[in-house]
Amino acid sequence: MGWHWLEVGSYITITSFLVLTAVVTIGFHHVPSLSKWLPESCVLIILGLAIGQFLKLLDALPNDPIANPEQMVTNDSTNCTAETAEKYPFLAFTPRLFFYVLLPPVILESSYTLYDSDFASNIGTIMLYAVVGTVINTFAIGPALYALYHMGAMGDGALLVNHNSSYTLTMLDALIFSALISAVDPVAVLAIFNETHIDRILYFLVFGESLFNDAVTVGIYHTLLEFAESAEPVGAGKVCLGLLNLVAIGVVGLLIGIVFGLVAALLTKTTKHVRVFEPLLILGIAYMSYMTAELFAFSGIISIIGCGLVQSHYAMRNVSRKSKTTVKYFVKMSSAISEAIIFLFLGLAFFMERHELHAGFIAWTLVLCLVCRFISVLLLTDLVNSRRVRRISFFEQFIMAYGGLRGAVCFSLSHMLLPDVVKPRELFLTTTLAVIIFTVFVQGITLKPLMNLLNIKRADDSKDKPLIVDLSENVATLMLAGMEQVIGITGHFSVFSKLLQWDDKYLKKVFLISEYEPDVLRAFKRHARQLPITPVDVLRPGAGLGEESVQQGRQIKTMLHNFRPMSFMRHHVEDDTCELEKLDEPAVCFRRQSQIFNARQIHGAWRRQTTRENMLNLDEA
């Protein structure tokens, strides 16, 4: 026996850290009186504060190597020894850890969520908020802070650098800070909005904007940092190059993601006999798209979003149902763990960083963030409402502006600042933490009561739309596309219809397996799995079912008849009924546009969900 802490201590601590997070989260949701008004992210930040205070007492907090590289061997009240830093390297929150490890699972899970018709129909509005709105906020907050500082509106207290030397705020430093503080964090938005069950359209508008907003923010941030690192004055030529660089970062990043998504689709066409590698291919290629874009200084966020959307459209249809379920829950678990760790580290950051507190600068930053956010949302919404069928109401605009939460993205960007390049690094870092705490706690806690007060529409409890809604939306889209072609205009619906036709005619033949399921059948199967009866129960009355199930059975029978069941194998159709002969594995068949689909899998999915009693009745029949 022996003590092997140096060998296994880090792994035990990390595991205990994650298990403690899971236990606290589970316990939080078992206290309805608390979870009803307090967001989960707030609890995790409080837990991080508690852990930070405990580690501070043990003198086990690592130092910040960016701000104080020379103090890594000191041992005072705020910095740990070099020996402690070696023992606890995982406690240091670094931009590399956040952007390369914690953020990709969250963005990937979000990209799978964005594969939705509601997102596609609102993509123009989302991109307008993400691109133009971010530019408005960045170039409004920065100059306003600069003007307020030089007007003396921030008070008599001077801005300090390293706690001793005074500093005069420059326009470039103000713009760098406004760029990072304009980042609406998708992690914080996802954590809050999932708990409020907000309307789907509003959810995609705010959440989609936060995802693309980060890519735009990071691009502006790095461009401004290049200006700050350069000794040459910033002229019109540099500004134009910076704008071109921003466009290239997003466009090339998207192309990289699409290419990797198509590669995943081609590879999953060959995995019929090795299904166990399907989740590895999908997840590994998605992460590779992110890292490849980052390798060449393009947007990894945009890249993994593009890859996730392409994978949802092609690769997910090539893999088995078990592989799809594995990918779904692994990504959800990874995303939940990453979100929890991010909020815990935000709590720990209060004890792990050196801070420079300036009340006037923090107060004006909070005011400007709210005011500029509301102005940009109201102006852009007034612009898009003139062209939208489903207008965004004033109360929804208020929730969109109020829901612009800040989180780990802007904190990581402030953490990346070098003191030699941006002198007020500690001031910007402290102000960023103050804005995060205000938005997550104050705005996050009051968001749900405000939604109730303003009577904001909530999403349905069921995650899937009814089948009739899916079919009706497709029919409406095709009708509107035809109307646009008749009157001679090129609108959203006609472009979308042509893309779908091109996809069906060319791309699906290349990137999908030959036996892939059509969309209408996939939708039917998705709804069918939720039913407690089987097709055999539907077509064999008196199989021990209750009155409610029999009524559901008649509805399903009518649906099957509308899909024109016809003779196939050893079962036949007589008028509007379908009599099954003695089959080991009964089949239901549909004909759609002269193509026959064997729906044995529908029967299998239904049959697995029946009760034991119904299964016995089925066997006896």
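Residues numbered from 1 in each chain as written. Predicted model: local features only at pLDDT ≥ 70, side-chain atom pairs only at ≥ 80, totals over all residues. Heavy atoms only, no water.

(A) Examining the pattern of salt bridges more closely. Using the criterion set out here, one finds seven salt bridges in the structure. Measuring nitrogen to oxygen at the nearest pair gives 2.2 Å for the salt bridge that ties R200 to D116. A residue pair is termed long-range when its members are at least 10 positions apart, and R200 in helix α10 (residues 200-229) and D116 in the loop between α5 (95-113) and α6 (117-121) qualify at 84 residues. Note that R275 is salt-bridged to E278, the shortest N-O span being 2.5 Å. Put simply, D116, D118 and R200 are held in one network by salt bridges that share partners. (Salt bridge = Lys/Arg side-chain N within 4 Å of Asp/Glu carboxyl O. Helix = DSSP H or I, 4+ residues; strand = E, 2+ residues; numbered from the N terminus.)

(B) Structural context of the packing of helix α17 (residues 408-415) against helix α18 (residues 425-453). As a packed pair, α17 and α18 sit with axes 9 Å apart at the nearest point and diverge in direction by 175°. Taken together, the axes of α17 and α18 are roughly antiparallel relative to one another. Note on element contacts: α18 touches α17 through R425, L429, T432, L433 and I436, opposite C410, F411, S414 and H415. (Axes fitted to C-alpha atoms, helices over the stretch in contact; angles between N-to-C directions. Parallel < 35°, antiparallel > 145°, perpendicular 65-115°, else oblique. Contact = heavy atoms within 4.5 Å.)

(C) Examining the packing of aromatic side chains more closely. In total, this model carries 13 aromatic pairs according to the counting rule given. Both rings, one in F119 and one in F204, keep their centres 6.3 Å apart while their planes meet at 50°; by these two values the pair is tilted. Of the two residues, F119 is situated in helix α6 and F204 in helix α10; the sequence distance between them amounts to 85 residues. Residue class for F119 comes out buried when judged on its relative accessible area of 6%. Using a relative accessible area of 3% as the deciding quantity, one classes F204 as buried. (Phe/Tyr/Trp six-rings, centres within 6.5 Å; stacked < 30°, edge-to-face > 60°. Buried < 20%, exposed > 50% of the residue type's maximum accessible area, 1.4 Å probe, protein only.)

(D) Molecular detail of the side chain of R373. Assignment of secondary structure puts R373 in helix α15 (residues 359-385). Residue classification places R373 among the buried positions, given a relative accessible area of 4%. Residues within four places of R373 in sequence aside, it is in contact with N137, V184, E209, L368, M400, A401 and G404.

(E) Summary view of the state of the cysteines. Here the structure, examined in full by the defined rule, presents zero disulfides. The structure places no disulfide on C372, whose sulfur is separated from the nearest cysteine sulfur, that of C369, by 7.5 Å. A relative accessible area of 8% means that C372 is categorised as buried. (Disulfide = S-S within 2.5 Å.)

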